[in-house]
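# Overview (structure and organization)
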Amino acid sequence: MSKLKQCIYTLILLVTCVVASPFIYKQIWKNSELKQPKAAAKDTTVSTQPAETTTAPAEGTTTGTQAPSDAAETTTETTTEPPAPQSNFVESGPEYFDDALFIGDSRTVGIKLYGTLKNADYFCDQGLMAARIDESTVDNMTVWDKLRKKQYAKIYIMLGVNEIGNDIEGTTAKYRRLVDGVKELQPDAVIFLQANLHVASYKEDAIINNERINALNSNLQAMADNSKVYYIDVNGQFDDANGALQEELTSDGVHVLAKYYTDWCTWLCQNTVPVNPAATTAPSADNKSQTEYTSEAETATQNKKPQNEEFSNI
């Protein structure tokens, strides 16, 4: 009986194997097909790595050291910077100022009274400002009357310290308007924009200080084209190590002592440019509108209470 059971079990096992084997083989085949795409995907991933390696140096070249970008930026900055001032100043004798006009405040009054350039003409007064140049008179003449009366070859302008407490850009606009007016009435003249003299350290406050003076001077320097308009700065002759007027050279912290105006005039002679002599004929006297320039926001400027100079050259 046991042998019969064994035979039956063996037969059932064989039948089961015969019946189930196709299904088993089919499942194994399907599993092998699923594994092949995964391997192909792995191969694809490996094959893309060289492409990334190829692009990496390009990215590194642009964003790593930034050398090309920096070079391009440097070139752009260089081309946008204003040209450096020309060092074409020469030394001349006092006769150079035979056909020169000085326009300025009390510091220019000091040059007139205590300097050696007596042969020049002057339009200067204590408290003179670019903002109020239209209505300011010297010897019963406005600056426009003075410019219409005679032709000059050189015109020196130094204004600004009396209005340094105002808005710097507003003061610069007034100054530029004055320069434009001089150019119109004196087309053949060379214009020298003189830097405002620094004040002594003990004279500085929230309104009048060398930082604001330097800001205005920088704007004046930007007006120079080194062809018809030049910027000259005498501060190096009188400054201390901190860029302020030396205390031993002044009694009020604003003006140099009388004896130092001769040094100032010597320095002016050492910083001239070759200029053709002025024509002897005066410019044609056109209608008055040529010399009267429209005031720009005059009321706003007056409300800012410009700082008047209340110092003497004693």
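Up top is the structure.
Residues numbered from 1 in each chain as written. Predicted model: local features only at pLDDT ≥ 70, side-chain atom pairs only at ≥ 80, totals over all residues. Heavy atoms only, no water.

## Here we look at the overall build of the chain
The number of helices and strands found in the chain is nine helices and five strands. The N-to-C order of helical and strand elements in the chain reads α-α-β-α-β-α-β-α-β-α-β-α-α-α. Looking at the 314 residues of the chain, the share that counts as buried comes to 38%. Of the contacts made within the chain by residues no fewer than 6 positions apart, 75% connect residues no fewer than 24 positions apart. (Helix = DSSP H or I, 4+ residues; strand = E, 2+ residues; numbered from the N terminus. Buried < 20%, exposed > 50% of the residue type's maximum accessible area, 1.4 Å probe, protein only. Contact = heavy atoms within 4.5 Å.)

## Examining the pairing of strand β1 (residues 100–104)
By the criterion of burial, β1 is predominantly enclosed, with five of the five residues buried. Burial along β1 is two-sided: A100, F102 and G104 and L101 and I103, pointing in opposite directions, are all buried. Pairing geometry for β1 and strand β3 (residues 154–158), over five bridges, is parallel. By the bridge assignment for β3, G104 is matched with M158. (Pairing = 2+ DSSP bridges.)

## Observations concerning helix α8 (residues 261–270)
By the burial criterion, the buried members of α8 are Y261, W264, C265, W267, L268 and C269. Looking at the packing, one finds that the buried side of α8 touches β1, α3 (106–114), β3, β4 (190–194), β5 (229–232) and α7 (235–238).

## Quick word on unusual backbone geometry
Excluding glycine, residues mostly carry a negative phi; peptide bonds, for their part, are mostly trans. Residues other than glycine seldom take positive phi values, yet D139 does so here, at roughly 55°. You can see D139 is positioned in the loop between β2 (121–124) and α4 (143–149). Take D139: its relative accessible area is 63%, and that puts it in the exposed class. Even without a glycine there, the phi angle at N226 is positive, about 55°. Here N226 shows up in the loop between α6 (210–223) and β5.

## A look at the packing of α3 against α8
α8 packs onto α3 with a crossing angle of 95° between their chain directions and a minimal axis gap of 9 Å. One finds that α3 runs roughly perpendicular with respect to α8. Between α3, through R107, G110, I111 and Y114, and α8, the contact on the second element is made entirely by Y261, T262, W264, C265 and L268. Among the residues forming the contact of α3 with α8, the class breakdown is six nonpolar, two polar and one charged. (Axes fitted to C-alpha atoms, helices over the stretch in contact; angles between N-to-C directions. Parallel < 35°, antiparallel > 145°, perpendicular 65-115°, else oblique. Nonpolar A, V, L, I, M, F, W, Y, C, P; charged D, E, K, R; others polar.)

## Brief notes about the packing of aromatic side chains
Here the structure, examined in full by the defined rule, presents 11 aromatic pairs. When the centroid spacing of 5.9 Å and the interplanar angle of 25° are considered together, the rings of F192 and Y230 count as stacked. Of the two residues, F192 sits in strand β4 while Y230 sits in strand β5, which places them 38 residues apart along the sequence. Centroid distance Y261 to W264: 5.8 Å. Interplanar angle 5°. Geometry classified as stacked. One end of the pair is Y261 and the other is W264, both in helix α8 and three residues apart, which spans about a single turn. Of the two residues, Y261 and W264, both sit in the buried class. One aromatic cluster is present, built from ring pairs that chain together F89, Y96, F97, F102, Y122, Y156, F192 and Y230. The ring of Y96 is capped by K154, whose NZ or CZ atom sits 4.1 Å from the centre of that ring. (Phe/Tyr/Trp six-rings, centres within 6.5 Å; stacked < 30°, edge-to-face > 60°. Lys NZ or Arg CZ within 6 Å of the ring centre and 35° of its normal.)

## Concerning a nonpolar patch on the surface
There is a patch of nonpolar side chains on the surface, built from L4, I8, Y9 and I12 and spanning about 420 Å² of accessible area. Mapped onto the secondary structure, Y9 falls in helix α1 (residues 2–63). A relative accessible area of 56% places Y9 in the exposed class. (Patch = residues over 30% accessible without salt bridge, like charges linked within 9 Å, V, L, I, M, F, W, Y side chains within 5 Å. Areas by Shrake-Rupley, 256 points an atom, 1.4 Å probe, with all protein chains shown as cover. Salt bridge = Lys/Arg side-chain N within 4 Å of Asp/Glu carboxyl O.)

## Focus on the environment of Y175
Topologically, Y175 is positioned in helix α5 (residues 168–185). We classify Y175 as buried; its relative accessible area is 0%. For Y175 and A131, which are 44 residues apart along the polypeptide, the C-alpha to C-alpha distance reads 7.4 Å. Dropping the residues within four chain positions of it, Y175 is found in contact with A130, I157, M158, L159, L193, Q194, L220 and M223. A distance of 3.4 Å separates the side chain of Y175 from the backbone oxygen of I157, its partner in a polar contact. (Polar contact = N/O pair within 3.5 Å; in protein donor to acceptor, adjacent residues only side chain to side chain.)

## Here's the deal with the sheet that holds β1
Judged by pairing direction, the sheet is parallel, and its five strands sit side by side in the order β2-β1-β3-β4-β5 without closing on themselves. Two strands bound the open sheet, and with one partner strand each, they are β2 and β5. Put simply, the sheet's adjacent strands are angled 20° from each other on average, direction ignored. Contacting β1, β2 and β3, α3 runs over the sheet at an angle of about 150° to β2.

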